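A look at the structure
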Amino acid sequence: MSPAPAPAPPAGGPATGVTGVTGGQGATRAPGSPWPWTSHAAPPRPFAGAPPETPTEITTRLRPVRDRRPARTAGAVVCVVLGLGLIGGAVTGSWLVDDSAASPASRPLYTDARTLWHSVPVDTLFPRTIKGDGAGPGGADRVWTRVAVAPDGPCTGAFDPLLLKALRPVGCLRVLRATYTDATTSSVTTVGMVVTEADRDAMAALRKRFSEEGLDERADLMPRTYAVPGTVAAGFGDRQRASWTISVLTDAPVVVFAVSGFADGRPVAEPMPAAEATVPGETSAPAQAGLGHEAKGIADRVERALRTSATSPERPR
């Protein structure tokens, strides 16, 4: 079934008339674009009792194995499990702690992360549904549904001039964005990744600068939104930005960001960074509405998906 034609995008958005090979309901592959799949349509709602999607299983006939002594077999299994656990823990651990001084063995993962945007499906980096257990105010659970995915593109148009200037030292290879809404469709959040051209040292220097100068908490450095006409995020523009977060990674050439706002399109006079809006007892409008939790919760889980994809041995290289 051919996807419905995409509506005219807002200024700075994707070009119209994107067509290509169908990649699932509402998804198309743009000609000449290395970003595997783009989507303008809202994800389909699962019907009651729908069976879970499972990958095709491929098995191989095993060779006959002679009988082994139970004690010796159990000992061998324990040794294998322990060995794999130590190896897997060492690799994954360097990603989870975001260690800029990671061992040489983990350095290939840094380079691999730069190619993820054109080697894995968009649903892997920006899942159709994100579960945020304990991500809301007071530890409440959250569920976010993807509204649309923007075609990959340059940083120009995705960021205001000052943020572009702040990111210039690491170079912008590509920016990837998607917009989500919460279960009540009362809030909208654009989350994204800047894939940079920098090495570890340059990323570490940028992270230090953002931290020491508080660049991630300056309202004039807020990321821009990705609004999509005809959706709950149609009125999500610059004046509707309420809370945001920016995270400069050092174990991957990536900057993860998110910006949230009200779905009804109301303007926000005093936006607040998520780090402040999530402080218990904060009484600002973004904090009371949980918009800081929305931005941080979605950004954290997209960042986690990035790390999982980069360390997966099954992804194409």
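Model, not experiment: these values are computed from the prediction. (Residues numbered from 1 in each chain as written. Predicted model: local features only at pLDDT ≥ 70, side-chain atom pairs only at ≥ 80, totals over all residues. Heavy atoms only, no water.)

**Let's talk about the pattern of salt bridges**
Taken as a whole, this structure holds 14 salt bridges when the rule is applied. Between Asp 251 and Arg 307 there is a salt bridge, with its nearest N and O atoms 3.0 Å apart. With Asp 251 in the loop between strand E7 (243-248) and strand E8 (254-262) and Arg 307 in helix H8 (residues 291-311), this residue pair connects regions lying 56 residues apart in the sequence. Given the relative accessible area of 3%, Asp 251 is considered buried. Its relative accessible area of 10% is what places Arg 307 among the buried residues. Among the charged side chains, a network of salt bridges with common partners joins Asp 160, Arg 224, Asp 238 and Arg 241. (Salt bridge = Lys/Arg side-chain N within 4 Å of Asp/Glu carboxyl O. Helix = DSSP H or I, 4+ residues; strand = E, 2+ residues; numbered from the N terminus. Buried < 20%, exposed > 50% of the residue type's maximum accessible area, 1.4 Å probe, protein only.)

**Things to note about the state of the cysteines**
Here, the word disulfide means a covalent bond between the sulfur atoms of two cysteines. For the structure shown, the criterion picks out one disulfide. A disulfide bridge connects Cys 155 with Cys 172, and the sulfur atoms are separated by 2.0 Å. Negative torsions about the S-S bond denote left-handed disulfides, and the value of about 85 degrees found for Cys 155 with Cys 172 makes this one right-handed. Of this pair, Cys 155 sits in the loop between strand E4 (142-149) and helix H4 (161-167) while Cys 172 sits in strand E5 (residues 172-182), and the two are 17 residues apart along the sequence. With relative accessibility at 29%, the residue Cys 172 sits in the partly exposed group. (Disulfide = S-S within 2.5 Å.)

**A word on the packing of aromatic side chains**
Summed over all chains, the structure comprises one aromatic pair. Geometrically, the ring pair formed by Phe 159 and Phe 257 is edge-to-face, given 5.1 Å between the ring centres and 75 degrees between the ring planes. Of this pair, Phe 159 sits in the loop between E4 and H4 while Phe 257 sits in strand E8, placing them 98 residues apart in sequence. Here Phe 159 and Phe 257 have matching classes, each one buried. (Phe/Tyr/Trp six-rings, centres within 6.5 Å; stacked < 30°, edge-to-face > 60°.)

**Concerning the side chain of Thr 189**
With respect to the helices and strands, Thr 189 occurs in strand E6 (residues 187-196). Since its relative accessible area comes to 1%, Thr 189 is described here as buried. Apart from residues lying up to four places away in sequence, Thr 189 is in contact with Ala 178, Thr 179, Tyr 180, Phe 236, Ala 258, Val 259, Ser 260, Glu 294, Ala 295 and Ile 298. (Contact = heavy atoms within 4.5 Å.)

**Section: the confidence of the model for the protein**
Confidence along the protein averages 75 in pLDDT terms, with 64% of residues attaining 70 or more. Confidence drops under pLDDT 50 across residues 1-34; counting only partners more than four residues distant or on other chains, this segment forms 46 contacts. Counted against residues more than four places away or in other chains, residues 37-106, with its pLDDT under 50, gives 64 contacts. (pLDDT = per-residue confidence, 0-100.)

**Details of the side chain of Thr 190**
Structurally, the position occupied by Thr 190 is in strand E6. Not counting the four nearest positions on each side in its chain, Thr 190 is found in contact with Arg 177, Ala 178, Thr 179, Arg 224, Thr 225, Tyr 226, Phe 236, Phe 257, Ala 258 and Val 259.

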